Amino acid sequence: MKLKFNPQDLLKLRNVRRVAQVFFFTLFLFFVFVTDLRYLKGYPVSLYLELDPLVAFATAITTHTVYMGLMWSLLLILPTLLFGRIFCNWICPYGILHHFTGWLLGKRRAEERERIEANRYKKLYSLKYVILIAMIAAAIGGTLQIGWLDPICLFHRSMSTVILPMINLFVPSSIYVRQYFHVGAWVIGFLLLFLVGMNVLIPRFFCRVLCPLGAFLGTLSSVALWRIDRDTTKCVDCDLCLKSCEGASDPQTQLRKSECFVCFNCIEDCPEDALSFKFMPPLKREVTAPVVPGRRAFLGTLIGLGFYAFGRTSGASARNYDKKVIRPPGSVEEIDFLDRCIKCDQCIRVCPTNVLQPALMESGLEGIWTPILNMKIGFCEVNCTLCGEVCPTGAIQRVSIEEKTGTGPFAKEGPIKLGTAFFDRGRCLPWAMETPCVVCEEVCPVSPKAIFSREVTIIKRDGNPITLRQPYMDPALCIGCGICEHECPVTDEAAIRVTAIGETRSRDRRLLMDGGVTSAVNELEKRQR
Amino acid sequence: MSASNQNDAAPLPGDSVSRREFLLRLGVTGALIAGSGLAARALWQPKHFVPGFEKVKGAQLRSYAPAVSKVLPSLAIAHGTAHEATIRAAMTALGGMDRFIQNGDVVMIKPNVAFDRPPALAATTHPDALRAVAKLCFEAGAHKVIIADNPINSPTGCFLKSGLTTVAAEMNLDLMYPETNSFAPLSLDGEILKEWTFFNTPFKKANKVIGLAPCKDHNLCHASMTTKNWYGLLGGRRNQFHQHIHSIVSDFALMMKPTLVILDGMNVLMSNGPTGGRLSDVKPMNTIVAGTDMIAVDAYGYEHLLERDIAELTYLHKANDRGLGNINWKDTLYKEVQA
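Rules used in this analysis
Residues numbered from 1 in each chain as written. Chains lettered and ligands numbered in written order. Predicted model: local features only at pLDDT ≥ 70, side-chain atom pairs only at ≥ 80, totals over all residues. Heavy atoms only, no water. Helix = DSSP H or I, 4+ residues; strand = E, 2+ residues; numbered from the N terminus. Rg over C-alpha atoms; globule rule 2.2 N^0.38 Å. Buried < 20%, exposed > 50% of the residue type's maximum accessible area, 1.4 Å probe, protein only. Contact = heavy atoms within 4.5 Å. Domains from an automatic or database assignment. Buried area = accessible area lost by both parts, 1.4 Å probe. Salt bridge = Lys/Arg side-chain N within 4 Å of Asp/Glu carboxyl O. Polar contact = N/O pair within 3.5 Å; in protein donor to acceptor, adjacent residues only side chain to side chain. Phe/Tyr/Trp six-rings, centres within 6.5 Å; stacked < 30°, edge-to-face > 60°. Lys NZ or Arg CZ within 6 Å of the ring centre and 35° of its normal. Pairing = 2+ DSSP bridges. Expected span 1.5 Å × (residues − 1). Core = buried A, V, L, I, M, F, W, Y, C linked by side-chain atoms within 4.5 Å.

K.L.:
Can you break down the overall build of chain B residue by residue, with the values?
P.N.:
A tally of regular secondary structure across chain B gives nine helices and twelve strands. A compact globule built from 339 residues would reach a C-alpha radius of gyration of about 20 Å, whereas chain B, at 30 Å, exceeds it by more than 25%. Seen along its three principal axes, the alpha-carbon backbone of chain B occupies a region of about 115 × 45 × 45 Å. Among the 339 residues that make up chain B, the fraction classed as buried is 54%. Across chain B, contacts joining residues at least 24 apart in sequence account for 75% of those joining residues at least 6 apart.

K.L.:
I'd love a proper account of the domain arrangement of chain A, names of residues and values included.
P.N.:
All names here are of chain A. What the domain assignment reports for chain A is domain 1 (7-287) and domain 2 (334-527). A separation of 41 Å is found between the C-alpha centroids of domain 1 and domain 2. Contacts between the two partners involve 42 residues from domain 1 and, on the opposite side, 35 residues from domain 2. The junction of domain 1 with domain 2 conceals about 3200 Å² of combined surface from both sides, 60% of it contributed by carbon and sulfur atoms. Considering only the side of domain 1, the residues that lose the most area to domain 2 are Tyr67, Tyr180 and Val183, jointly responsible for 20% of the buried surface there. Taken together, the links from domain 1 to domain 2 amount to zero salt bridges. Inspection of the domain 1/domain 2 interface yields 21 residue pairs in polar contact (both at pLDDT 80 or more). Sorting the residues of the side of domain 1 that touches domain 2 by element identifies α1 (13-34), α2 (47-51), α3 (53-63), α9 (151-170) and α10 (185-197) as the ones contributing at least two each. In terms of residue count, α9 provides more of the side of domain 1 that touches domain 2 than any other element does, six residues in total.

K.L.:
If you had to explain the packing of aromatic side chains to someone new, which residues and values would you point to?
P.N.:
For any pair of aromatic rings, the description consists of the separation of the ring centres together with the inter-plane angle of the planes. Applying the stated criterion across every chain yields a total of 34 aromatic pairs over all chains. Ring centres of phenylalanine 83 of chain A and tryptophan 226 of chain A lie 5.1 Å apart, and the angle between their planes is 45°; on these two criteria the pair is classed as tilted. Linking phenylalanine 83 of chain A in helix α4 (residues 74-83) with tryptophan 226 of chain A in strand β2 (residues 226-230), this pair joins segments that are 143 residues apart in sequence. With a relative accessible area of 27%, tryptophan 226 of chain A lands in the partly exposed category. On the numbers, 6.4 Å between centres and 65° between planes, the contact of phenylalanine 241 of chain B with phenylalanine 252 of chain B is edge-to-face. Highlighted residues: phenylalanine 241 of chain B in the loop between β9 (222-224) and α7 (245-255) and phenylalanine 252 of chain B in helix α7, separated in sequence by eleven residues. Both residues of the pair, phenylalanine 241 of chain B and phenylalanine 252 of chain B, count as buried. Members of the aromatic cluster, joined through ring pairs, are Phe25, Phe28, Phe30, Phe31, Tyr43, Tyr48, Tyr94, Phe155 and Phe206 of chain A. When the ring centre of tyrosine 321 of chain A is taken as origin, the NZ or CZ atom of arginine 509 of chain A, which lies over that ring, is 3.8 Å away. Cation over ring: lysine 228 of chain B sits above tyrosine 231 of chain B, and NZ or CZ is 4.1 Å from the ring centre.

K.L.:
Describe the interface of chain B and chain A, naming the residues involved and giving the relevant values.
P.N.:
In this complex, chain B contributes 45 residues to the contact, which on the side of chain A involves 53 residues. Surface buried jointly by chain B and chain A totals about 4000 Å² across both partners, of which 61% is contributed by carbon and sulfur atoms. Area buried by chain B at its contact with chain A is led by Arg25, His48 and Phe53 of chain B, which between them contribute 15% of it. Counting every contact that joins chain B to chain A gives one salt bridge. Put simply, lysine 55 of chain B and glutamate 413 of chain A hold a salt bridge, and the shortest N to O gap is 3.8 Å. The interface formed by chain B and chain A contains 20 residue pairs in polar contact (both at pLDDT 80 or more). Those elements that provide at least two residues to the side of chain B that touches chain A are α1 (19-43) and β1 (44-45) of chain B.

K.L.:
Just give me the short version of the pairing of strand β10 (residues 465-473) of chain A, but keep the residues and values in it.
P.N.:
Residue and element names in this part refer to chain A. In this structure, strand β9 (residues 451-459) lies alongside β10, joined through nine bridges in antiparallel fashion. Pairing of isoleucine 458 across the sheet is with isoleucine 466, part of β10. Connecting the antiparallel pair β9 and β10 is a turn made up of five residues, with glycine 463 showing a positive phi of about 95°.

K.L.:
Quick rundown of the side chain of threonine 143 of chain A? Include the residues and the values.
P.N.:
Residue and element names in this part refer to chain A. With respect to the helices and strands, threonine 143 occurs in the loop between α8 (127-141) and α9. One polar contact links threonine 143 to glutamate 366, side chain to side chain, over a distance of 2.8 Å. When near neighbours in sequence (up to four residues on either side) are disregarded, threonine 143 contacts Thr62, Ala138, Phe307, Tyr308, Arg312, Leu338, Asp339 and Glu366.

K.L.:
If you had to explain α1 of chain B to someone new, which residues and values would you point to?
P.N.:
Owing to its 3.6 residues per turn, the α-helix aligns residues three or four sequence positions apart on the same side. Between its first and last C-alpha, α1 of chain B extends 36 Å over 25 residues, near the 36 Å set by a 1.5 Å rise per residue. Restricting attention to buried positions, one finds in α1 of chain B the residues Arg25, Thr29 and Ala40 of chain B. Buried positions along α1 of chain B lie against β1 (66-67), α4 and β2 of chain A together with β1 of chain B.

K.L.:
Explain the nonpolar core residue by residue, including any values.
P.N.:
Phe87, Tyr94, Ile146, Phe206, Leu217, Ile228 and Ile342 of chain A are the most contacted members of the largest nonpolar core, which totals 88 residues. Top element by residues in this core is α9 of chain A. It accounts for seven residues. Split by domain, the residues of this core number at least three in each of domain 1 (7-287) and domain 2 (334-527) of chain A. When near neighbours in sequence (up to four residues on either side) are disregarded, phenylalanine 87 of chain A contacts Leu76, Cys92, Ile152, Leu213 and Leu217 of chain A. Among the nonpolar cores identified, the runner-up in size contains 59 residues, and Met225, Met256, Leu263 and Leu324 of chain B belong to it.

K.L.:
Can you break down the pairing of strand β2 (residues 75-79) of chain B residue by residue, with the values?
P.N.:
All names here are of chain B. Extensive coverage of β2 is indicated by the burial of five of its five residues. Going residue by residue along β2, you find Leu75, Ile77 and His79 tucked away on one face and Ala76 and Ala78 tucked away on the opposite face as well. Examined bridge by bridge, β2 and strand β11 (residues 282-291) share five bridges and lie antiparallel to one another. Pairing of isoleucine 77 across the sheet is with valine 289, part of β11. Bridge count for β2 against strand β12 (residues 334-338) is five bridges, and the pairing is parallel.

Next comes the structure, spelled out in structure tokens:
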């Protein structure tokens, strides 16, 4: 067969769409790549998350605010109300990933009939609406859980914790100067593989079956003004429009507008020119709104409220909080954090020391994949607020360096503390092993230092005297940055460890009555130490 | 191909959009566009904040103190053997309960039920003392008597085992437990206490406040009497108070201006306070001290009931120095009586 090239084919809608897909996917990858201290330069790296109307909508429910850049989501609501879910097949990087991998792994070489069958609507596809209802119910209850499956959060998280570290593992120093590690990354990795792999069984499995953002946009689409219209006088019921239908939206019969990804494949696949994208076609030839049986919606509500209640009453965000839940600087207090964090893990991506890690069960059921600090892996750099810089929802507020360190006009308030470091004298070289050390004091970054030492002369086991310095902690000055723990030579379980107590974000988790860094500093100055 | 198109002929009804439908659909979509824009604008948080450093504007407790009297004593010491008779004698010495409580008043009595202990161990306000004070309040015309405390141990257990639940039921007192929503922020210009969460529901109703405290030894601040009793009005992380205990307790004298305080020294917890635990820790002292100045009342209690040197009780001195009360109780207008 001879390949015929027709220059006009280049202008086909399908190709225009492909150009957009390549553009938006590349832009997403670019943003992911430059989310790094070296390249950041003010790029709006969280733009996709800010455009995501589900993020804005769900956080508005939990916090009654729309945080800073989340206003951009209006840019996406507008075209959805006009044209439908064009986001899903034109812009969404995760949708494009599934479109591409579906093409790569799927039935593209299969017989026409088989492909048509694979793209028929199934009742299973209403599951995403139940998922959305459950997530909104959970949000109304008081916990934000859209991040589990919101495609932008899911894709950012997968990139940060799995894909980029994997690339760097195979090509050392391509992404990071030193290899990054993420606790429990394998869970996120296998989930990604599973979702991509499911395209073999059901094309666009994630988009059609699970995606809560798709369900949200689908719901908005029901009032879209432009819609695919089938001219029943021309249609010959050949079903060829289903051959490449991405959304499984039944263009061959009554169009399900809420399922339609507006990919335009059906229009170009129609041999009879029966399909067109029209302004306000009659609705009688459509299934206008999402089809969700009432009892399924009720079940979804129960699951969402249950998730909130079971998680909250497990106590991890209350008295039974875990000492390991050390949140990034500028984080709002724990209950509010669970109202805001979408588990996108952009903070984890941008963190220059790799200290930020996706939580597993530390902060309870609700806090899975939210960021916590792991001082074994990294430490919080004092003059750095990048995590707050990229956080789209204000779970980590966009605090300045001065606000973080309590300097300049913020000297009265004092620094943001993440926790407090405690010595474990049984593991400490100068305290327990007759060996000089005090690396912790050396690296302690605050001035005056929170860690101080006293010189002592002791008689060693062999009878010889040794003079060394034994370290102490001033809890009023410690900011919980964890560099002492990170640099401690006892690397498996450091002789000084930070726990969450003393964090300033929560009045309930402070250690000292006056909370008084500043008064402590004043007192120190008085004592002229 | 052949099987299709029955529609070749005339278009079916519904094939065109009526003007009404056209406008309706346009309107719905337009309204949603405008609505989402307006909602987002209304909810917009354009600036960040610094978590944990937000300014909290708390309430301040008003003064419940009675009018100052130049003739009536401000301190009464009564000796006797039974709670009711002795408390009555002390109140008579002060000029009678109707000096403090008038017809229709809602009185909040703040007992000290910090621990889950039986009355005999003298770690909590004695039920007979509560019964007597409540009775005097009702006799003076009180409309309602509230009792409330935020104990260290479990609230229900503390009230039950101290015997106060029984008194509340028997005398129809309004027992308020420290529930989740019972607290509100308080602002104070104290030495240490600046902003704290406090048990405010009783104060929404009460217009008179009586502190009714047992006289006890305290491991850290030497003594828990009528000033320290106000600890039970606070919530939050009170275990931090011990870092500056004398400053905090003296701040209580600034925070709370009660109508009256009564120190129950009938049986005094002399050692192992504030919890006690053995009958041998308790000594009968058969005294009730009542007055309008909690610092003077506590000064008497420390010297004559706990029988210790007032010089060491730092918090009383701090309060005295700040003009919150008079540690030299003998300089006040006082009256000592026998029941």
